[in-house]
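Each chain is listed here by its residues.
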Amino acid sequence: MSAIEVKNLSRSYGDIDAVKDVSFTVPEKSFTVLLGPSGCGKSTILKMLSGLEQVSHGTINIGGADVTEVEASKRGVSMVFQSYALFPHLNVKENIQFGLKVRKVPAEEREKKVAEAAQVVGLSELLDRKPANLSGGQRQRVALARSIVSDQSVCLMDEPLSNLDSKLRAEMRDEIRDLQKRLGLTVVYVTHDQVEAMSMADQIILLKLGEIVQVGAPEEIYNSPNSVFSAQFIGLPPMNILNLNEIDVSSLDSKIYSAVDSNKNIKDIGVRPEHIVFSKKGLPVVVKSIDYFGGETVFKLTHKEKDFFLREPRQPKIQLGDQLNVSWNLDDMYLFDKNDQRLKS
Amino acid sequence: MKDSTRNIQGWLLFTPAAILLLAFTHYPTVTTFFQSLYTNKSILRPRRFSGVEAYESMFSDPIFWKVFVNNMWLALGTIPTSIGIAILMALIVNKAIPGRGFLRMAYFTPTMLPMIAVANIWLFFYAPEIGLIDKVLEIFGFEGNNWLGNPSTVLPSIIVMTVWKEAGLFMVFYLAGLQTISPELEEAAKLEGSSRWNYFWRIQFPLLLPTTLFVLINAFLNSFKLVDHLFVLTKGGPDNASNLILYYIYETAFSFLDISYASALTIFLLALLALTALAQFFFLDRRTHYR
Ligand SMILES: Nc1ncnc2c1ncn2[C@@H]1O[C@H](COP(=O)(O)OP(=O)(O)OP(=O)(O)O)[C@@H](O)[C@H]1O
Ligand SMILES: [Mg+2]
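All values reported here derive from a predicted model rather than from experimental measurement.

Visitor: What's the story with the overall build of chain B in this structure? I'm lost.
Guide: On a plain count of helices and strands, chain B comes out with 13 helices and 0 strands. Ordered by position from N to C terminus, the α and β elements of chain B give α-α-α-α-α-α-α-α-α-α-α-α-α. Relative to the 2.2 N^0.38 estimate, which gives 19 Å for 291 residues, the radius of gyration of chain B is 24 Å and therefore markedly larger than a compact globule would have. With the C-alpha coordinates aligned to their principal axes, the bounding extent of chain B is approximately 80 × 80 × 30 Å. Burial analysis of chain B (291 residues in total) assigns 42% to the buried set. Counting every atom, chain B has about 16,500 Å² of accessible surface; 71% of that belongs to carbon and sulfur. For chain B, the distance from the average position of its 20 positive side-chain charges to the average position of its 18 negative side-chain charges is 10 Å.

Visitor: Can you help me understand the site of ligand 1 in this one?
Guide: Residues and elements named next belong to chain A. Taken together, the residues surrounding ligand 1 are Y13, I16, A18, S38, G39, C40, G41, K42, S43, T44 and E159. Between ligand 1 and the protein, one listed contact pairs an oxygen atom with a side-chain N or O atom of S38 at 2.5 Å. Relative to its unbound accessible area of 640 Å², ligand 1 is 60% covered by the protein chains. Within the residue set of the shell around ligand 1, elements represented by two or more residues are β2 (16-27) and α1 (42-50). Among the elements that make up the shell around ligand 1, the one with the highest residue count is α1 (3 residues). For the shell around ligand 1, the class distribution of residues is 4 nonpolar, 5 polar and 2 charged.

Visitor: Can you walk me through the sheet that holds strand β12 (residues 268-271) of chain A in this structure?
Guide: Pairing between the strands of a sheet is mediated by backbone hydrogen bonds and can be parallel or antiparallel. All names here are of chain A. Judged by pairing direction, the sheet is antiparallel, and its 4 strands sit side by side in the order β11-β12-β18-β19 without closing on themselves. Both edges of this open sheet fall to β11 (240-243) and β19 (342-343), since each of them pairs with a single strand only. Sheet analysis places β11 next to β12, joined by 4 bridges and oriented antiparallel. For L242, the partnering residue across the bridge sits in β12 and is I269.

Visitor: Sorry if this is basic, but what is going on with the side chain of T212 of chain B here?
Guide: You can see T212 of chain B is positioned in helix α10 (residues 209-225). Apart from the residues within four sequence positions on either side, T212 of chain B is in contact with Y174 and F205 of chain B.

Visitor: Sorry if this is basic, but what is going on with helix α8 (residues 183-191) of chain B here?
Guide: Side chains that are three or four residues apart share a direction in an α-helix, a result of its 3.6 residues per turn. Restricting attention to buried positions, one finds in α8 of chain B the residues E184, L185, E187, A188, A189 and L191 of chain B. Looking at the buried positions of α8 of chain B, the neighbouring elements they touch are α1, β6 (77-80), α3 (98-102) and α5 (136-149) of chain A together with α9 (196-207) of chain B. Just past α8 of chain B, the residue G193 of chain B takes up positive phi, approximately 90°.

Visitor: It is not clear to me how the nonpolar core should be interpreted in this structure. Could you clarify?
Guide: In this structure, I4 and L34 of chain A are the most contacted members of the largest nonpolar core, which totals 84 residues. Ranked by residues supplied to this core, first place goes to helix α3 (residues 62-94) of chain B with 12 residues. Counting 44 residues, the second largest nonpolar core, distinct from the first, contains I96, L126, C155 and I176 of chain A.

Visitor: Looking at this model, I keep getting lost on the packing of aromatic side chains. Mind explaining?
Guide: Describing an aromatic ring pair means giving the distance of the ring centres and the angle of the ring planes. Taken as a whole and assessed by the stated rule, the structure comprises 30 aromatic pairs over all chains. Measuring from centroid to centroid gives 5.0 Å for F200 of chain B and W201 of chain B, while their planes differ by 80°, and the two rings are edge-to-face. Residue F200 of chain B is classed as buried on the basis of its relative accessible area of 11%. Just above the ring of F87 of chain A sits the side chain of R146 of chain A; from NZ or CZ to the centre is 5.2 Å.

Visitor: Please explain α1 of chain A as it appears in this structure.
Guide: All names here are of chain A. A large share of α1 lies buried, amounting to 7 of its 9 residues. Considered for burial, the residues of α1 that qualify are K42, T44, I45, L46, M48, L49 and S50. Once α1 finishes, G51 follows within two positions and takes phi at roughly 95°, a positive value.

Visitor: So what exactly am I meant to see when it comes to the interface of chain A and chain B here?
Guide: By a frequent convention, interface size equals the accessible area lost on bringing the separate parts together. Contacts between chain A and chain B engage 27 residues on the former and 18 residues on the latter. Carbon and sulfur atoms make up 65% of the surface buried where chain A meets chain B, a total of about 2,000 Å² over both sides. The largest contributions to the chain A side of the interface with chain B come from L52, H89 and F98 of chain A, which together make up 28% of the buried area. The interface formed by chain A and chain B includes 2 salt bridges.

Visitor: Whenever I open this one, the packing of helix α4 (residues 100-112) of chain B against helix α7 (residues 151-179) of chain B confuses me. Can you help?
Guide: Two numbers describe a pair of packed helices, the interaxial angle and the distance between the axes. All names here are of chain B. At a minimum axis distance of 6 Å, the contact between α4 and α7 shows a crossing angle of 130°. Viewed along their axes, α4 and α7 adopt a mutual orientation that is oblique. The interaxial crossing formed by α4 with α7 has left-handed handedness. Of the residues in α7, those touching α4 at R104, Y107, F108, P110 and T111 are W164, K165, G168, L169, M171, V172, L175 and Q179. Tallied by class, residues from the contact of α4 with α7 come to 8 nonpolar, 3 polar and 2 charged.

Visitor: Explain a nonpolar patch on the surface here, please?
Guide: Residue and element names in this part refer to chain B. A surface patch of nonpolar side chains, amounting to about 670 Å² of accessible area, comprises F124, L132, V136, I139, F140 and F142. With 3 residues, the single largest contributor to the nonpolar patch is helix α6 (residues 132-139). Along the chain, the position of V136 falls in helix α6. The class for V136 is partly exposed, based on a relative accessible area of 37%.

Criteria and thresholds
- Residues numbered from 1 in each chain as written.
- Chains lettered and ligands numbered in written order.
- Predicted model: local features only at pLDDT ≥ 70, side-chain atom pairs only at ≥ 80, totals over all residues.
- Heavy atoms only, no water.
- Helix = DSSP H or I, 4+ residues; strand = E, 2+ residues; numbered from the N terminus.
- Rg over C-alpha atoms; globule rule 2.2 N^0.38 Å.
- Buried < 20%, exposed > 50% of the residue type's maximum accessible area, 1.4 Å probe, protein only.
- Areas by Shrake-Rupley, 256 points an atom, 1.4 Å probe, with all protein chains shown as cover.
- Lys, Arg positive; Asp, Glu negative; His and termini not counted.
- Charge placed at Lys NZ, Arg CZ, Asp CG, Glu CD.
- Near = heavy atom within 4 Å.
- Polar contact = N/O pair within 3.5 Å; in protein donor to acceptor, adjacent residues only side chain to side chain.
- Nonpolar A, V, L, I, M, F, W, Y, C, P; charged D, E, K, R; others polar.
- Pairing = 2+ DSSP bridges.
- Contact = heavy atoms within 4.5 Å.
- Core = buried A, V, L, I, M, F, W, Y, C linked by side-chain atoms within 4.5 Å.
- Phe/Tyr/Trp six-rings, centres within 6.5 Å; stacked < 30°, edge-to-face > 60°.
- Lys NZ or Arg CZ within 6 Å of the ring centre and 35° of its normal.
- Buried area = accessible area lost by both parts, 1.4 Å probe.
- Salt bridge = Lys/Arg side-chain N within 4 Å of Asp/Glu carboxyl O.
- Axes fitted to C-alpha atoms, helices over the stretch in contact; angles between N-to-C directions.
- Parallel < 35°, antiparallel > 145°, perpendicular 65-115°, else oblique.
- Left-handed = near helix turned anticlockwise from the far one by under 90°.
- Patch = residues over 30% accessible without salt bridge, like charges linked within 9 Å, V, L, I, M, F, W, Y side chains within 5 Å.

This is the structure we're talking about:
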């Protein structure tokens, strides 16, 4: 059964169509990530799910009931905000139990729940602190605890890690994922960071300009992107997209050449940096820059005017300015048409 | 640069301001204080040192007590009401409603008017029989009243007018305060099922406490400083029923020409205002406890 079912959802602000006819489902107890560049409507979708924002068109089902017109607090969702939205004049404990007090939960039960939630996120020692005296990570945990005590099965999160430094972000990623599994939560998580999406999601919903581009598990989107946008948004460095007019097609390996030549609709070919290898034959390139990351090396190469990347797990003896040739396996190549859509070969 | 040269430079920069401050603030204050310790000079009697005599007669002067109590009633009558109205107006114009800019301006207009102009407007409201209030009362068959001529209604009338004038100014402070509160707080509270009322009392009002403290103290100071309207409306009458300390000082000095007594009154008022200002420093310094 799906926890959330969204049908033909749209939202416009005056002339701006922030969300255009979006439909998707979120399976129960799953971790779904809304991923896309800034301004693509991720937050707007999340706010419409929460009931904090009106929908222009479409319906939202949560837990089997149509909640399109239901007010926010009655939808059975909790939310973690980007800026945490902690009440600055209340201490950690008061912040966590704010909703319980509003709902007039008896004091005894309240104490128990707050203690439990604080335990889960490791805040038991800090219950008397004001938010101003907490670190970013601790504030984040308060926001999580507040969401946990609300006992809602659906939790919405809007870029909850964007204010943390990269090390803490990696830690909290694991922690949130772990929490979601342990408590059996259905999470809808907004981010523009593909690394977060790849490492946390059961399902990624990739958005662009208010529309869904592709829906699928992280591996699925990585392995079979349906468009240039998907191909380039996921993976770092992004997939190399080579326009056939920009490269010397005749220098390609014969098998690749015949694949490319067989279909006149092909405009671009795409190859991931990790799938390109230095070889005896193939595209002639000049090494333009080399970045060592320890575990891997990223080369920036130029072929005619076109720059692209090659990723190597080892550290080959190659220097700036070297003239080499590169190639790739036929199976690792993606073909795109003039509308930037994937062509199945 | 050496420390000593820096210090000299600092003092040089400070000097022009210091001279102005000394000449126009500190020197007159000190002179006033000394004047309060001497009797008035007249053709018959020369000035003589009288010590605290002027202060003694102040504390036994029934009119002094009357204007002091009037001032306290004015403070009590205007401050809570104008703060309440200011918060309400700020909450309204903080919402994204159509015509918000116009409303903000409308609420702020009374504050921009000089007190004398305000008094003229309200003179028209309060005038017996031909005034707006009496005219409206007449329509509903009520008896009119000489609002400013009746000792029991004159102070309340002035209180109403002062609230009308001041609420707009305080609204601006509250609006600024409200805008520092992240809208996400309201969304978070809403999701938890918090009503508008609950959100105001549990979140907004406590977060506006520093603003309230600031407004409170300024409103208190204002209630002693604003007297311009008395010149137009009542001249402190009838029978000192609307007289205020500052206006009484003016009368004593320039109508009764009793400089010694006026000086004593001035020092009293100065002391009161200075204490309030100190309280402001003391409280407002600690207000940022949760930022
Ligand atoms: N209240 C509003 N009024 C007008 N336009 C809005 C409003 N809220 C959002 N928009 C517009 O809708 C579009 C989508 O906004 P949204 O906040 O959903 O983007 P986002 O994907 O969350 O971006 P980000 O990653 O920067 O948070 C943007 O073009 C934005 O300018
Ligand atoms: Mg956003």
